[in-house]
Amino acid sequence: MPSSYDPNNIFTKIIAGDIPSHKIFEDDVCVSIMDIMPESRGHVLVVPKKGARNLIDVDPDDLAELMKRVQKIAVAVKKSMRADGILLRQSSEEVAGQTVYHLHFHIIPCYAGQRRNRHGEVEVSNDDLAEIAEHIRAAL
Ligand code: 5GP
């Protein structure tokens, strides 16, 4: 049986405001939030409001609109965090590393000479996330 989208996931609860998050951007298409287990300082997620499981089932027009936001946010993250580069990642299905089954893109700042944390390795304090979110918001 093919995998399908299940709206009962953590990101729909964050979009609805039922679970708190550090938002850096929101419009009618998406929200962008700090990842609670960042792979580097300034790691954010871009999450569409319209439900899709991952890259495989998303409507191409919805994806195109989403990617405009992904680029805008990546530029703001790189600038505000003074990163040397950006790693953009999207995992589709468990075998590829997906753990939340609501489409999202990771924007992960990369810093010369610094190793990144592994996926889910490090949890950062709320105060730290709030401070970084404020910093990125100012660049948007
Ligand atoms: P995936 O593993 O599906 O590619 O990415 C899911 C991401 O969501 C992970 O990097 C994980 O740290 C993040 N995440 C999981 N639960 C929460 C949460 O409740 N709030 C936030 N902000 N991020 C979460």
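Anything mentioned here points back to the structure above.
Residues numbered from 1 in each chain as written. Predicted model: local features only at pLDDT ≥ 70, side-chain atom pairs only at ≥ 80, totals over all residues. Heavy atoms only, no water.

1. Some remarks on the overall build of the protein
Phase 1: Counting its regular elements, the protein contains three helices and five strands.
Phase 2: Mapped from its N terminus to its C terminus, the protein presents α and β elements in the order α-β-β-β-α-β-β-α.
Phase 3: Scaling as 2.2 N^0.38, a compact globule of 140 residues should have a C-alpha radius of gyration of about 14 Å, and the protein matches this with 14 Å.
Phase 4: Here the protein holds 140 residues, and the buried ones make up 42% of them.
Phase 5: Within the protein, contacts between residues at least 6 apart in sequence are counted, and of these 64% link residues at least 24 apart.
Phase 6: Summing over all exposed atoms, the protein offers an accessible surface of approximately 7900 Å²; the carbon and sulfur share of this is 52%.
Phase 7: Charge separation in the protein, taken as the distance between the mean sites of 17 positive and 21 negative side-chain charges, equals 6 Å. (Helix = DSSP H or I, 4+ residues; strand = E, 2+ residues; numbered from the N terminus. Rg over C-alpha atoms; globule rule 2.2 N^0.38 Å. Buried < 20%, exposed > 50% of the residue type's maximum accessible area, 1.4 Å probe, protein only. Contact = heavy atoms within 4.5 Å. Areas by Shrake-Rupley, 256 points an atom, 1.4 Å probe, with all protein chains shown as cover. Lys, Arg positive; Asp, Glu negative; His and termini not counted. Charge placed at Lys NZ, Arg CZ, Asp CG, Glu CD.)

2. A few points about the pairing of strand β3 (residues 44-48)
Remember that side chains alternate between the two faces of the sheet whenever the strand is regular.
Phase 1: Burial analysis of β3 places five of its five residues in the buried class, which makes it a mostly covered element.
Phase 2: For strand β2 (residues 30-34) and β3, the ladder comprises five bridges, and the chain directions are antiparallel. Bridged to V31 within β3 is V47.
Phase 3: Looking at chain direction, β3 and strand β5 (residues 105-110) are connected through three bridges and run antiparallel. When the bridges of β5 are listed, V46 appears paired with F105. (Pairing = 2+ DSSP bridges.)

Treat this as a map of the structure, not an account of what it does.
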